[in-house]
Every structure is written in structure tokens, then in C-alpha cells.
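Summary of structural features
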Amino acid sequence: MNKRTIFHRSISLVGLSGLIAVVVTGAFAEDNKPSKKLVVGFSQVGAESGWRTANTESIKSEAAKRGVDLRFSDAQQKEENQIKAIRSFIAEGVDVIAFSPVVETGFEPVLQEAKKAGIPVVLSDRAVKVSDPSLYKCFIGSDFIEEGRRAANEVAKLTGGKANVAELVGTVGSAPAIDRKKGFEEVMAKYPDMKIIMSQSGDFTRAKGKEVMEAFLKAPNAKDINVLFAHNDDMALGAIQAMEEAGIKPGVDIKIVSIDGVRGAFEAMKDGKLNVTVECNPLLGPQLFDLIEAVAAGKEVPHRVVTQEGVYEQSQAAAELPKRQY
Ligand code: GYE
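The following paragraphs examine the structure supplied in this document.

Rules of the game
- Residues numbered from 1 in each chain as written.
- Predicted model: local features only at pLDDT ≥ 70, side-chain atom pairs only at ≥ 80, totals over all residues.
- Heavy atoms only, no water.
- Salt bridge = Lys/Arg side-chain N within 4 Å of Asp/Glu carboxyl O.
- Helix = DSSP H or I, 4+ residues; strand = E, 2+ residues; numbered from the N terminus.
- Buried < 20%, exposed > 50% of the residue type's maximum accessible area, 1.4 Å probe, protein only.
- Axes fitted to C-alpha atoms, helices over the stretch in contact; angles between N-to-C directions.
- Parallel < 35°, antiparallel > 145°, perpendicular 65-115°, else oblique.
- Left-handed = near helix turned anticlockwise from the far one by under 90°.
- Contact = heavy atoms within 4.5 Å.

It is possible for side chains bearing opposite charge to pair when their charged atoms get close. Tallying each qualifying case throughout the model produces 31 salt bridges. Its salt-bridge partner being R66, residue E293 comes within 3.0 Å of it at the nearest N-O pair. Here the residue E293 occupies a position in helix 10 (residues 285-296), and R66 occupies one in helix 2 (residues 50-66), the gap between them amounting to 227 residues. One salt bridge in this structure joins E104 and K129, with 2.7 Å as the shortest N-O distance. Here E104, found in the loop between strand 3 (96-99) and helix 4 (108-116), pairs with K129, found in the loop between strand 4 (121-124) and strand 5 (138-141); they are 25 residues apart in sequence, far enough to count as distant. Judged by its relative accessible area of 7%, E104 falls in the buried class. In this structure, a network of salt bridges that share partners links the residues E62, K65, R66, D290 and E293.

The next subject is the packing of helix 8 (residues 233-245) against helix 9 (residues 263-270). Relative to each other, helix 8 and helix 9 sit at 40°, their axes nearing to 9 Å. On the basis of the axis angle, helix 8 is oblique to helix 9. Crossing angle aside, the handedness with which helix 8 passes helix 9 is left-handed. Only G264, A265 and A268 of helix 9 make contact with helix 8, whose side of the interface consists of D233, L237 and I240.

Written out as C-alpha cells, the structure reads:
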């Protein structure tokens, strides 16, 4: 063997061991698990409510726990910001895109772009309306229609079926606002003496909930209101403030039923100011990342995963409060 061959042999050996090293340290760890970090782009609705804050925290902490490289983007409740964020996730070539669509419509073109780029999409919390269901792999979230039904059943219980309801609607065009109203009205239709006499959006925020409640209380038929149905707790908490400022006893003069089950709602129930909260669980992180990891691994996942939740009345608030995680 001349000098040159020895030189070449050692080069190829170095090359081979280098390759092995790349395989061992780059693609797979010793326990045979892929060690390349999973890159996930997540576009969140915003920070409009206690529910959303808990949801964001659940997603971020679960990603950190699993060593996922999470690219998190807050859309400040604007659809155009979400579309921009999704486009940049596509440009970055993330492994999976997940998002919670602020409204149901308008996402089809950007979802088609993701599909063309071969990036799977998982919907979290809110649904979209698309003509092609294959534009997303899976949607995990609550059954909002059922939550609306539960709320109306509670109104019937609280009032013996005689209710003039003021309704604080969530974000216009959002899945929870559309579906909660639908479920609520479906049950209302069974009670001839229950009707919605006022209805307006408070955009799921405490500030807008207060503002709209102030307007409701100034309406000529304000005296007829005996129930407030708020599509989320934050709007109910804003409305409680408006009622108190107007000298009305929330939870007594006007019964209040809302949705989410955040800590503030349990505190208000404990104080007798809120009557019922219908639970909507924001702690989606662990289940969401199970689905994301499965999708990234090319496994089949169910197209719809429904989260489980309950209903809490005032009498349960004190005992339940210390156990609440959000
Ligand atoms: O009820 C509300 C939040 O989409 C379920 O969004 C979610 C809703 C939740 O702003 O508080």
C-alpha cells in the first residue's frame, strides 16, 4: 500500500465515522428517539380572556416539557395577523402548523398553501369552515353547541322557565359565538316564556362586556331583563361591574350564566354575584401535542377530538375554588 492509498483510506474512514457520528448524534439519540427538535408554529387568537391566558400557558409549558421548538405568535384577535403568521411558518418550513382561528371563515387559501408545502395543520380550540376537510388533519376543542345548551338549561332552572335574557355574544364570526348561540337558542325554543330581548357582541373581553352591559341597562326595556347570558366569564365579570355601578345586584336582581369556568367566575359565584359557569377547558396543551407529534410522525389521527367538561353552580363554588387550575 503506497502512501497515497493509506491517505485515502484514512480519509474515507474519517468520513465514515463522521457519518456515523451524524447519524448517532444528529438524527437519533441513544434511546432510538429522534433527537431533532420538532418545530411547531402556533398562531394564537390573542390574550382577550382568562381562558385564553390559561390556554396559552398550557401550550407553552407543554411544548417546553417535550423539548418542542415552538414558534408562538399572538394575533391580537385579528384574522389578517393569523394569516401572516401562518404564511411565515410555511416560509420557515416548520414541521407542523397549529392555530386557533379567531373566526371561522377566510382561512381556505392559506390552508391550501400549507397543504401544497406539505405542512400538516392541526386546529386547536376553534374550528374553521372549509370546503375541503383534508386542509387540516385534526381539530381538538370543546363542543360549543353543547355548552350553549347547558347554559340555557341552567337559565330555565334558575327562572322556572320565565326569562327575559340579555345576551353578551362572543367575537362576531367566531366558532364559540356562533355555536353557543345556536345551542342556547335550540333549548330556549322549548320554553315559551324564555326569550332573548337584547343581544350584542362584547368580543369576549371584560372591558367590552362592561360597556355593552351599560348600554343594555340604558335601553327603554332595561327593567325587563332578569337574566344575563354571557358567552364567556370575562364579559360576565365586566357586566357585573356595570350592574353594580347602576345599583343592580348581580346574581340576584339579574341572574347570570356564563361559560369558561375561570377562577374569577368561581370567586364571583362564591360572592353570590354569578349564578352558573359552564366549563370550557383551556388546558389543551398535553392533548394537543400528543396529536401534533402523531401527525408529525405520519400517524393517523381522528379528525375531531372533543374535550370533556362540566357545569358548576353557585353552591359548589367554595369547595371547587381551591381545586381550579385556571
Ligand atoms: O370561551 C373565551 C375565549 O375559544 C373557547 O375564547 C374559546 C373562547 C373562550 O376568548 O373566553
